[in-house]
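# Coordinate inspection notes
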Amino acid sequence: MPQIKAINHVAVVVEDMEKSLAFWRDALGLTLHELRDVPAEKSQVAFLPLAGAEIELVMPTSDDSGIAKYLAKRGQGMHHLCLEVDDIAGMMMQLRSKNIRLINEEPRTAADGKRYAFIHPESTGGVLVELYQV
Ligand code: CO
């Protein structure tokens, strides 16, 4: 059976990356490990590792991106919780069999080769959940 292994990251939507880093990096003292553009999602992401997990900051780089629409509708704040799974395809099959609503029908592959998919908040008690297979 597919197994959840860890919390991989917690993602926060921000409207101003520098302002957010002034809190997460400068005030809290977390280390900024990576700051990069994700053209496919029209966003910029920052990763701040912490005890085997990461805080991910996501900022839209275009008004027509999914993240920009989310920001306009719901404002800044928690965006998703990412759980690491050892078999993403198997987990998605298991969730489907339990009538859990998935946002992605198939796992998607990130630029770094990680496979990911999102579970709809309707089925999770209001939290957008991302599955990650590293
Ligand atoms: Co994520």
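Before reading on, note that the structure itself is shown above.
A brief report on the enclosed structure follows. (Residues numbered from 1 in each chain as written. Predicted model: local features only at pLDDT ≥ 70, side-chain atom pairs only at ≥ 80, totals over all residues. Heavy atoms only, no water.)

### Concerning the overall build of the protein
Across its full length, the protein holds 3 helices and 8 strands. Going residue by residue from the N terminus, the α and β elements of the protein occur as β-α-β-β-β-α-β-α-β-β-β. Here the C-alpha radius of gyration of the protein, 15 Å, is about what a compact globule of 134 residues would show, namely 14 Å. Considering the protein as a whole, with its 134 residues, one finds that 40% of them fall into the buried category. Put simply, 52% of the contacts in the protein that link residues at least 6 apart link residues at least 24 apart. Only carbon and sulfur atoms are counted for the fraction: they give 53% of the accessible area of the protein, which is about 7700 Å². (Helix = DSSP H or I, 4+ residues; strand = E, 2+ residues; numbered from the N terminus. Rg over C-alpha atoms; globule rule 2.2 N^0.38 Å. Buried < 20%, exposed > 50% of the residue type's maximum accessible area, 1.4 Å probe, protein only. Contact = heavy atoms within 4.5 Å. Areas by Shrake-Rupley, 256 points an atom, 1.4 Å probe, with all protein chains shown as cover.)

### Quick word on the packing of aromatic side chains
The full count for this structure, using the stated rule, is 2 aromatic pairs. Seen in terms of ring centroids, Y116 and F118 are 6.2 Å apart; in terms of plane orientation they differ by 80°. Their pairing is edge-to-face. The exposure classification of Y116 matches that of F118, with both residues buried. (Phe/Tyr/Trp six-rings, centres within 6.5 Å; stacked < 30°, edge-to-face > 60°.)

Shape descriptors only; they carry no functional weight alone.
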